[in-house]
Amino acid sequence: ATPRTRKRALAILDRHDPKYLSASRLHYAGTAFSSEGDVAQAVTLFRRALAADPTPSIELLSSSCLLNAAQRAKFPLAEVRKLYAHVLDLARKQGAEYAIPSTHMNMAHALAARGKYEEAIGLLEHAPPQLAAQLRRIWEGNARLAKAIERKRGKPSMRSSAPAD
């Protein structure tokens, strides 16, 4: 979409009374902005969708999209953990077993991005085997590198065993 089209789309969303914008419309607008790389606007729309009395399936979709965006949007780790638990709970309650592996993968990526490689690797048991093997090699290498750098600096390794914040 062109910048002008994006600006018009935002103006339309802002102009409408939120009670007339369904959660599903807000969710799908969020996915459009996310696919265009506008994570901040996507997060805003997913949060609006969740506040708009969504159906259970839209609640799961919007919550999953927020978890997926958490790393890029730089959510605090405590918020990511809470969102992760919420998405898993929604998926289980709705019998949406298909959503569970991607939920674990999104959390693993958020943890790895924060240098919590051991915890991220622990979530790989829920990933497709080929993907898990690739990510495990990458994250184990990153963990070894982080430990080596910290040893060289004379500091104890805190990234891989740091308590959750």
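Worth saying up front: this structure is predicted, and the values here are computed from it rather than measured.

Colleague: What am I meant to see in the overall build of the chain here?
Modeller: Of the regular secondary structure elements, the chain holds eight helices and zero strands. Listed N to C, the secondary structure of the chain is α-α-α-α-α-α-α-α in terms of helices and strands. Of all 165 residues assigned to the chain, the portion counted as buried reaches 39%. In the chain, the proportion of contacts linking residues at least 24 apart, taken out of those at least 6 apart, comes to 54%. Summed over all atoms, the accessible surface of the chain reaches about 9800 Å², with 56% contributed by carbon and sulfur.

Colleague: For this particular structure, what's the right way to read the pattern of salt bridges?
Modeller: When the charged atoms of two side chains with opposite charge come close together, those side chains can pair. Counted under the stated rule, the structure contains four salt bridges. Among the ionic pairs, Arg47 bridges to Glu79, the shortest N-O distance being 2.6 Å. Separated by 32 residues along the polypeptide, Arg47 in helix α3 (residues 39-51) and Glu79 in helix α5 (residues 77-93) bring together distant segments of the chain. Relative accessible area serves as the criterion here: at 38%, Arg47 is assigned to the partly exposed category. The partner of Glu119 in a salt bridge is Arg81, and the shortest N-O contact between them spans 2.6 Å. Here Glu119 is found in helix α7 (residues 117-122), whereas its partner Arg81 is found in helix α5, with 38 residues between them in sequence.

Colleague: Sorry, what's going on with unusual backbone geometry here?
Modeller: Peptide bonds are trans in most cases, and residues, glycine excluded, mostly fall at negative phi. Phi is positive for Asp53, which is not a glycine, with a value near 55°. When you line up the elements, Asp53 lands in the loop between α3 and α4 (56-73).

Colleague: Would you mind showing me how to read the packing of aromatic side chains here?
Modeller: Each aromatic ring pair is summarised here by two numbers: the centre-to-centre distance and the angle between the ring planes. Per the stated rule, a full pass over the model turns up zero aromatic pairs. One cation-aromatic arrangement involves Arg47 over Phe75; the distance from NZ or CZ to the ring centre is 4.8 Å.

Colleague: Is there a simple way to explain the packing of α4 against α5 in this structure?
Modeller: When two helices pack together, their arrangement is given by the angle between the helix axes and the distance between those axes. α5 packs onto α4 with a crossing angle of 150° between their chain directions and a minimal axis gap of 9 Å. The crossing of α4 and α5 is left-handed. Only Val80, Leu83, Tyr84, His86, Val87, Leu90 and Ala91 of α5 make contact with α4, whose side of the interface consists of Glu59, Leu60, Ser63, Ser64, Leu66, Leu67 and Ala70. Broken down by class, the residue content of the contact of α4 with α5 amounts to 10 nonpolar, three polar and one charged.

Scoring rules and cut-offs
Counting restarts for each chain, with residues numbered from 1 along the sequence as it is written. Whole-chain, interface and lining totals are the exception, using all residues; otherwise, since this is a predicted model, local features are given only for residues with pLDDT of at least 70 and side-chain atom pairs are given and counted only at 80 or more. Where side-chain values are given, they derive from all heavy atoms of the structure, hydrogens and water being excluded. Runs of E in the DSSP output that reach at least two residues are strands. Runs of H or I that reach at least four are helices, and both are numbered from the N terminus. Exposure classes here rest on a 1.4 Å probe applied to the protein chains alone. A residue is buried below 20% of its type maximum, exposed above 50%, and partly exposed in between. Should any heavy atoms of two residues lie within 4.5 Å, those residues are counted as being in contact. To measure how exposed things are, a 1.4 Å probe is used in the Shrake-Rupley method; for residues, cover is taken only from the protein chains shown. The salt bridge criterion pairs a side-chain nitrogen of Lys or Arg with a carboxyl oxygen of Asp or Glu, the two atoms within 4 Å. Here a Phe, Tyr or Trp ring, Trp counted by its six-membered ring, pairs with any other such ring whose centre lies within 6.5 Å, and the pair is stacked when the planes are under 30 degrees apart, edge-to-face when over 60, and tilted otherwise. Our definition puts a charge over a ring when NZ of Lys or CZ of Arg is within 6 Å of the ring centre and also within 35 degrees of the ring normal. Think of each axis as a best-fit line through the C-alpha atoms, taken over the contacting stretch in the case of a helix, with angles from 0 to 180 degrees between the N-to-C directions. When the near helix sits turned anticlockwise from the far one by under a right angle, the crossing is termed left-handed; a clockwise turn instead gives a right-handed crossing. When residues are grouped by polarity, Ala, Val, Leu, Ile, Met, Phe, Trp, Tyr, Cys and Pro land in nonpolar, Asp, Glu, Lys and Arg in charged, and all others, Gly among them, in polar.

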